[in-house]
Structure formats: C-alpha cells, structure tokens
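Structure at a glance
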Amino acid sequence: MRTRDTVAARWSAYAVALALGAALWELAASRTSAAFLAPFTTTLARIAEYTKSGVLTDALLSSLALFFTGLAGAILIGIAAGLLLARVRLLRVALENYIMVLYATPMVALIPFILSMMGFGFAPKALVVFLFAVFPILYNTVEGARSLKPELIEVAQSFRSSEWALWRDVLIPYTLPFALTGVRQGVGRGLVGMVAAEFFLSSSGIGQLIMKSGQDFDIPGLYGAIIVIAVLGVALMSLARALENRFAAWRGLER
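Now for a quick tour of the structure. (Residues numbered from 1 in each chain as written. Predicted model: local features only at pLDDT ≥ 70, side-chain atom pairs only at ≥ 80, totals over all residues. Heavy atoms only, no water.)

Some points on the overall build of the chain
Rules: Note on conventions: DSSP H or I runs of at least 4 residues are helices, E runs of at least 2 residues are strands, and numbering of each starts at the N terminus. A simple rule labels every residue: compare its accessible area, found with a 1.4 Å probe on the protein chains alone, to the largest value its type can have, and call it buried under 20%, exposed over 50%, or partly exposed in between. Residues count as neighbours in contact if any of their non-hydrogen atoms are within 4.5 Å of one another.
When helices and strands are tallied, the chain shows eleven helices and zero strands. In the chain, the succession of helices and strands from N to C terminus is α-α-α-α-α-α-α-α-α-α-α. With the C-alpha coordinates of the chain rotated into their principal frame, the extents come out at 70 × 60 × 30 Å. For the chain, the proportion of its 255 residues judged to be buried stands at 36%. The long-range fraction of contacts in the chain, counting pairs at least 24 apart against all pairs at least 6 apart in sequence, stands at 77%.

What follows is the structure, given as structure tokens:
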C-alpha cells in the first residue's frame, strides 16, 4: 500500500511540474516575440499537424533506425571489449590511454574526418552514433568487471571452472549492472550523435526536420521537433534505467 501511494505521489509531482512548466512557457511566449518563442499550445498543434500529415512519423522512423543501429553496435562491441580488457591485463594496459583519449575527445570533431573517408549515407551516420555511445559502455564495463572480488574467481577456479564457464557464470552476471549503467549513459550520448550526424552529414529524420523548420523560420515546428527528441530521450533513458534497476537488484542482496 505504501509503495502504491509513493508511486501515485511521484506521478502527481511529475504532472504538476509539467503543468507548471507548460503554463510558464505559455506566459513567457505571450510576452516574447513569436520569432523567438512559440506558445506551448501552438507548438503542440504543430506536432499534431506533423503527426497527421505523416511527416513526424517518417522522420522518427528514419532517426530511430539510425539510432538503434549505432547503439546496438556500441552495446555489442562496448560490452565485449570491456570484458576482454578487464580480463586481459596486458591488453588493458596497452589500450587504456587510447580509450581515455577517445572518451574525452568531442566526437563532433571527428565528423568531417568520417565524411571524407566514408562520404554520405546511412553507414557513416550510424558510425557517428556508435562513436558517441560506445565509450561510456566500454568504460563502465571495464570498471565493473575490474571490481569483481578476486575471491569469486578463486572459488570458481577451485571448482575447476573453464574460462568460458568463468565468464558465463561469474564475470558476465556480475558486470551486467555496470554495463547497463554505461548503456543508459550511451543512450543520451547516442541521441546527440544521431542529431549531429543528421545535421552535418546527409540531412534526414528529426535533424532534417529541425534544420528545415529553422530555415523556414517555423518556430513552432522547430520547438515541436525539439520536444519530440526530448520526450524520446526521456523515454529511452527511463527504459534503460528500469533495465539497470532490474538486473542490479541482486547487488542489494550481496551487501
């Protein structure tokens, strides 16, 4: 009962906060030039118009295909490489500095290089999303796997576990919550990479919708596209957080 009341209170707080934000937006728009800030109701009407005409659906499908392609590659390679680096110390020492340098590098700066090497098209844009998302996943996976207690490995080895059994039964289950933390961070960075790729490479999807609205001085359309990206980001990160909490539940028992 207490849990149900807590959830209801949380959703009530969310609803009140959103209503207040919408009211403040509408008030600010009424006192600001329409060339800078469109009213909230006008923005919602433009989103409905885009949805009815199919423009928003086509843009979302294009952007989501790009995003999930890059994110899937980042998850597969980031987790696999992170586990390998954590397990093979010599390899980790050799590559650790390169990984940190790339993690700290603004990936937007690499887009012209990717353009010159791969040209326009879907593949270079998916690569941009991959580069934005992969390093948080890789870094969190490495750090999570390295935090594994040596006693657990020693117990597994004392039972004559093979290397594959050690990975399957000990290393991967222990590291998964840390990797999912990286996935949640990678989702946010991947969305930034998606929009950047759609801006600077061949324009498409939501990025193209934002650019076209800006060029046409369609302020409600511009804010509407931004709201769609924001809602998409919140939904995806909430899903990632739910998965993280689900697979991290056993860590509370460990304590």
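Some words on the pattern of salt bridges
Note the following rule: Counted as salt bridges are all cases of a side-chain nitrogen of Lys or Arg within 4 Å of a carboxyl oxygen of Asp or Glu.
For the structure on display, the rule yields five salt bridges. Note that Glu 143 and Arg 146 form a salt bridge whose closest N and O atoms lie 3.9 Å from each other. Taken together, the residues span about one helical turn, with Glu 143 and Arg 146 both in helix α6 (residues 122-146) at a distance of three residues. Judged by relative accessible area, which is 33%, Glu 143 ranks as partly exposed. Given the relative accessible area of 42%, Arg 146 is considered partly exposed. The partner of Lys 212 in a salt bridge is Asp 216, with the nearest N and O atoms 3.0 Å apart. A relative accessible area of 46% places Asp 216 in the partly exposed class. Taken together, the salt bridges that share partners define one network made up of Arg 46, Glu 49 and Asp 218.

Overview of the side chain of Thr 43
Applicable threshold: A 3.5 Å cut-off defines polar contacts: any pair of N or O atoms within that distance qualifies, except that in protein one atom must be a possible hydrogen donor and the other a possible acceptor, and neighbouring residues in sequence count only when both atoms are side-chain atoms.
Its location among the elements puts Thr 43 in helix α2 (residues 40-53). Reaching out from Thr 43, the side chain makes a polar contact with the backbone oxygen of Pro 39 at a distance of 2.9 Å. If we skip the residues at most four places from it in the chain, Thr 43 touches Trp 25, Ala 38, Pro 220, Tyr 223, Gly 224 and Ile 227.

Side note on the environment of Glu 244
Among the structural elements, Glu 244 can be located in helix α10 (residues 219-247). Glu 244 gets classed as buried once you look at its relative accessible area, which sits at 11%. Remark: the alpha-carbon pair of Glu 244 and Phe 178, spanning 66 residues in sequence, is separated by 8.1 Å. Setting aside its immediate chain neighbours within four residues, Glu 244 contacts Pro 177, Leu 180, Thr 181 and Arg 184.

A short note on the packing of α2 against α10
Selection rule: In this analysis an axis means a line fitted to C-alpha atoms, helices contributing only their contacting stretch, and an angle means the value between N-to-C directions, from 0 to 180 degrees. Roughly parallel means an angle under 35 degrees; roughly antiparallel, over 145; roughly perpendicular, 65 to 115; everything else is oblique. Under the scheme applied, nonpolar residues are Ala, Val, Leu, Ile, Met, Phe, Trp, Tyr, Cys and Pro; charged residues are Asp, Glu, Lys and Arg; polar residues are all the others, including Gly.
At a minimum axis distance of 8 Å, the contact between α2 and α10 shows a crossing angle of 75°. With respect to α10, the element α2 is oriented roughly perpendicular. Residues Thr 42, Thr 43, Arg 46, Ile 47 and Tyr 50 of α2 form the contact with α10, whose own contacting residues are Pro 220, Gly 221, Tyr 223, Gly 224 and Ile 227. Looking at the contact of α2 with α10 residue by residue, the class counts come to five nonpolar, four polar and one charged.

A few points about helix α9 (residues 205-215)
Of the positions making up α9, those classed as buried are Gly 205, Ile 206, Gly 207, Leu 209, Ile 210 and Ser 213. Where α9 is buried, its residues contact α2, α3 (55-87), α8 (163-200) and α10. Just beyond α9, the residue with positive phi is Phe 217, at close to 55°.

A look at the nonpolar core
We count it as follows: Working definition of a nonpolar core: buried Ala, Val, Leu, Ile, Met, Phe, Trp, Tyr and Cys residues. They are joined through side-chain atoms within 4.5 Å.
Residues Leu 56, Phe 67, Val 128, Met 194 and Ile 206 are the most contacted members of the largest nonpolar core, which totals 42 residues. Elements represented by at least two residues in this core include exactly α2, α3, α5 (111-118), α6, α8, α9 and α10. Here this core gets twelve residues from one element, more than from any other, and that element is α6. Core analysis: the next-biggest nonpolar cluster, separate from the first, contains eleven residues, Ala 86, Ala 156, Leu 166 and Tyr 174 among them.

Section: α10
Note the following rule: Here the expected length of a helix is defined as 1.5 Å per residue gap, with one fewer gap than residues.
Helix length check: α10, at 29 residues, gives a terminal C-alpha distance of 42 Å against a target of 42 Å (1.5 Å per residue), a fit within 8%. Those residues of α10 that fall on the buried side of the exposure criterion are Ile 219, Pro 220, Gly 221, Gly 224, Ala 225, Val 228, Ile 229, Leu 232, Gly 233, Leu 236, Ala 240 and Glu 244. Against α2, α3, α8 and α9 lie the buried residues of α10. The opening residue of α10, the one whose side-chain oxygen lies 3.2 Å from the backbone nitrogen of Gly 221, is Asp 218.

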